[in-house]
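What follows is the residue order along each chain.
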Amino acid sequence: MGKKIILDPITRIEGHLRIDTSVDNGEVVEAWSKGEMFRGFEAMLVGRDPLDAPVITQRICGVCPVSHAVASVKNIESAIGLVPAANGVLLRNLILGANYLQSHILHFYHLAALDFVNVEDILAYDGNDPILLELKSWVGQEVRSNKILPAAPFLPKLDGPYPTGNPWNLSALSHYLEALHIRKEAHKMAALFGGKIPHVMTIVPGGVTCGVDPETVEDFRMRLVTVRRFIDEVYLKDVLAAAALFPEYAAIGRGVGNYLSYGVFDEGNATWLGAGTVISGRYEPLDAGRITEAVAASHYADRSPLHPSQGEIKPQTGKADAYSWLKAPRYGGQAMEVGPLARMIVSYHAGNPEVQKGVNSLLSLSGLTMENLPSVLGRHAARVLEASLLAGRMEKWLNALEPGRPSVAPYVARASGSGQGLMEAPRGALGHWVTIENNKIARYQCVVPSTWNFSPRDDAGIPGPVEQALIGTRLPEDSKGLEVARIVRSFDPCIACAVH
Ligand code: NFE
Ligand code: MG
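So, here is what we can say about the structure in this document. Bear in mind that the values here come from a model prediction, so they are computed numbers and not experimental data. (Residues numbered from 1 in each chain as written. Chains lettered and ligands numbered in written order. Predicted model: local features only at pLDDT ≥ 70, side-chain atom pairs only at ≥ 80, totals over all residues. Heavy atoms only, no water.)

## Some thoughts on helix H7 (residues 214-245)
Rule in force here: Helix and strand definitions here come from DSSP, where helices need a minimum of 4 consecutive H or I residues and strands a minimum of 2 consecutive E residues; each element is numbered from the N-terminal end. To estimate the expected span of a helix, subtract one from its residue number and multiply by 1.5 Å. Note that bend, as reported per residue, equals the angle between axes fitted to the 7 residues terminating at that residue and the 7 residues originating from it.
Along its 32 residues, H7 runs 45 Å from first to last C-alpha, staying within 8% of the 46 Å computed at 1.5 Å per residue. When the local axis directions of H7 are compared, the greatest deviation, roughly 35°, occurs at Ile231.

See the structure below:
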């Protein structure tokens, strides 16, 4: 006799996500990913000046605003034929890089790692370390009052097997606190060149308005050293510890097996992390003409499927068979996984030597293999690898800045045109498309990383990547959905972005 496991809402993520699963004979046989809200950013942009787009689209999200700023200015630049200044491109990489580091650390320590931590175990520890005492006081209060305290978001948690008496529990919780300070450093880095964060002020079509001041460059460099040390000495070790403690998660949450990257971090005419797809283990260059969005299972009356340059916004409640406010992006009709794992796999197959070396070293350290990299553990491992490689690369971009040279090219408006801005946000492939008519935005469409990963079924009935990652998962008899939550969070969902 089958049963349903419903997680509603999924907590410790961005936005409103509900996951339904049908379980038969201890196995997930069906899964539905449901975005539970409508927002309307694309509609708000119609009729506005194109220069409003980077300002407004950043407000889609407080976690990845820099990505929307970069996608938006690339989009406008492509529509009006503007080439950004070299310093501006480097500064964008640095602001975006700081936001990536912040986001990856946030995801591991503050959103996902608690899925694997025996929080109450902390009460059994002896010692006078101030962090231990602080943790014990919070967790003790939570356990006694049996409710969530604002200061300590560790409990309640889903029932299930957690490690007891293992140093991992203390390590993960104390690094939860340290990671808050490290994220503050990363935020300061983004604000040094971005003016403020979240929602930076300086990224505009043509470049970055803040200029290159040597003192600010050195301030950024010092903070990067701190963040990089944390990634290489703490974050990486904690991911490896989780891999050693939960080896079964190398075989859980495999997913769709197709990977997409638009490429990110501009360097000359190329990107540091490359664009392309890997389908059935084969690399192909990116063809942006193959991107579509379908709405058969989505609450929209749009025509379906459509290329984003022709995208529509016709919300429709009560539509038969619709179960999500996300659309269903597809590439040549296929569901594609996006995100750090996809970027590492695409760059690896495209022959990026730095990524190949990093992936090979990660596999030997973690005991993972190329075959089980697509998994819950593989996604966490790919994320920390990317953070580590990126922190190293940012040093190069800092060194390439040229004080005294312009960081922004003059903006000359065009009355009409159309453009696309493709880049990679921390969570994966992000595209913005614009049509300008009579100096105003006539159409603006975003197709966002979590829209790819958390998409519902498409017109052909093909489930989205997360739905496919859940189907086939074996669950213990008494499961309350902990395994489901671990798979879902490995994709780092942001439903605020996904619906926009
Ligand atoms: Ni709201 Fe975002 C990232 C974008 S995800 S976090 O990363 O774009 O869908
Ligand atoms: Mg959209």
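Alright, that's what it looks like, and here's the rest.
## Details of the packing of helix H10 (residues 376-400) against helix H13 (residues 482-490)
This is how it is decided: For helices, the fitted line uses only the C-alpha atoms of the stretch in contact; every axis is such a line through C-alpha atoms, and the angle between N-to-C directions lies from 0 to 180 degrees. Oblique is the label for any angle not covered by the other classes, which are roughly parallel (under 35 degrees), roughly antiparallel (over 145) and roughly perpendicular (65 to 115). For any pair of crossing helices, the crossing counts as left-handed if the nearer helix is rotated counterclockwise from the farther one by less than a right angle, and right-handed if it is rotated clockwise. In what follows, a contact means two residues having at least one pair of non-hydrogen atoms within 4.5 Å. Residues are sorted three ways: Asp, Glu, Lys and Arg are charged, Ala, Val, Leu, Ile, Met, Phe, Trp, Tyr, Cys and Pro are nonpolar, and all the rest, Gly among them, are polar.
Relative orientation of the contacting elements H10 and H13 amounts to 30°, with a least axis distance of 9 Å. In terms of their interaxial angle, H10 and H13 are classed as roughly parallel. Our pair here, H10 against H13, has a crossing hand that is left-handed. Contact residues: H10 offers Val376, Arg379, His380 and Arg383, while H13 offers Arg486, Ile487 and Ser490. The residue inventory of the contact of H10 with H13, partitioned by class, reads 2 nonpolar, 2 polar and 3 charged.

## Here's the deal with the site of ligand 1
In plain terms, the rule: We call a residue near a molecule or strand when any one of its heavy atoms sits within 4 Å of it. Polar contact criterion, stated in full: a pair of N or O atoms within 3.5 Å, where within protein one must be able to donate a hydrogen and the other to accept it, and residues adjacent in sequence count only if both atoms are side-chain atoms.
With respect to spatial proximity, the complete set of residues near ligand 1 consists of Cys61, Cys64, His68, Ala425, Pro426, Arg427, Leu430, Val448, Pro449, Ser450, Cys494 and Cys497. His68 places a side-chain nitrogen or oxygen 3.3 Å from an oxygen atom of ligand 1.

## As for the side chain of Arg330
The test is simple: When accessible area is computed with a 1.4 Å probe and restricted to protein chains, residues below 20% of their type maximum are described as buried, those above 50% as exposed, and intermediate ones as partly exposed.
Residue placement: Arg330 occurs in strand S10 (residues 328-331). Arg330 sits in the buried class, given a relative accessible area of 2%. Separated by 2.9 Å, the side chain of Arg330 and the backbone oxygen of Ile462 make a polar contact. The contacts of Arg330, once residues within four sequence positions are left out, are Arg290, Ile291, Thr292, Ala335, Trp452, Ser455, Pro456, Arg457, Asp458, Ile462, Pro463 and Gly464.

## Remarks on the coordination of the iron atom of ligand 1
Definition in use: In this description, a donor is an N, O or S atom within 2.8 Å of the metal centre, a cutoff extended to 3.2 Å for sodium, potassium and calcium. Water is not part of the atom list, which can make sites seem incomplete.
For the iron atom of ligand 1, the sole protein-derived donor is Cys64 (SG), lying 2.3 Å away. Between the iron atom of ligand 1 and the nickel atom of ligand 1, a separation of 3.2 Å is found. Checked against the element boundaries, Cys64 lands in the loop between helix H2 (52-58) and helix H3 (65-80).

## Some points on the layout of surface pockets
Our working rule: In the cavity and pocket records, a cavity denotes points on a 1 Å grid over the protein atoms alone where a 1.4 Å probe fits but cannot get out, a pocket denotes an open set with protein on both sides within 12 Å along at least 5 of 7 lines, and lining residues are residues with an atom within 4 Å of a point. Grid points are joined across faces, edges and corners, and a volume is the space filled by probe spheres set on the points.
In this structure, the largest pocket spans a volume of roughly 330 Å³. Around the largest pocket, the lining is made up of 17 residues, and of these Thr11, Arg12, Pro156, Lys157 and Arg489 lie nearest the centre. Per element, the largest residue contribution to the lining of the largest pocket is 3 residues, and it comes from H13. In terms of residue class, the lining of the largest pocket is built from 12 nonpolar, 1 polar and 4 charged.

## A few points about the coordination of the nickel atom of ligand 1
So the rule is basically this: Key to geometry: four donors with every angle between 85 and 135 degrees are tetrahedral; four donors are square planar and six octahedral where opposite donors lie over 155 degrees apart and all remaining angles lie between 65 and 115; all other sites are irregular.
On the protein side, the nickel atom of ligand 1 has Cys61 (SG), Cys494 (SG) and Cys497 (SG) as donor atoms, found 2.3 Å from it. Geometry at the nickel atom of ligand 1 is tetrahedral, judged from the 4 donor atoms that bind it and their angles of 105 to 113° at the metal. Considered as a linear motif, the donors of the nickel atom of ligand 1 on their single chain read C-x432-C-x2-C.

## Quick notes on the state of the cysteines
In plain terms, the rule: Two cysteine sulfur atoms make up a disulfide if the distance between them is within 2.5 Å.
Taken as a whole and assessed by the stated rule, the structure comprises 0 disulfides. Unpaired in terms of disulfides, Cys446 finds its nearest cysteine sulfur in Cys497, a separation of 9.2 Å. Using a relative accessible area of 1% as the deciding quantity, one classes Cys446 as buried.

## A few points about the pattern of salt bridges
Short version of the rule: Salt bridges, as used here, are contacts in which a Lys or Arg side-chain nitrogen is within 4 Å of a carboxyl oxygen on Asp or Glu.
Using the criterion set out here, one finds 30 salt bridges in the structure. The residue Arg18 makes a salt bridge to Asp20 at a minimum N-O spacing of 2.7 Å. For Asp20, a relative accessible area of 6% gives the class buried. One connected set of salt bridges, linked through shared partners, spans Asp8, Arg18, Asp20 and Lys34.

## Here's the deal with the nonpolar core
As a rule of thumb, soluble globular proteins bury nonpolar side chains together. Heads up, the rule is: For this analysis, a nonpolar core means a set of buried residues of the types Ala, Val, Leu, Ile, Met, Phe, Trp, Tyr and Cys, connected via side-chain atoms within 4.5 Å.
Counting residues in hydrophobic clusters, the biggest one holds 145 residues, and the most contacted among them are Phe154, Tyr235 and Met394. Non-local contacts of Met394, meaning those with residues more than four positions away in its chain, are made with Leu94, Gly97, Ala98, Leu101, Met189, Phe220 and Leu224. In this structure, Tyr262, Ile291, Val338 and Leu422 belong to the second largest nonpolar core, which totals 13 residues.

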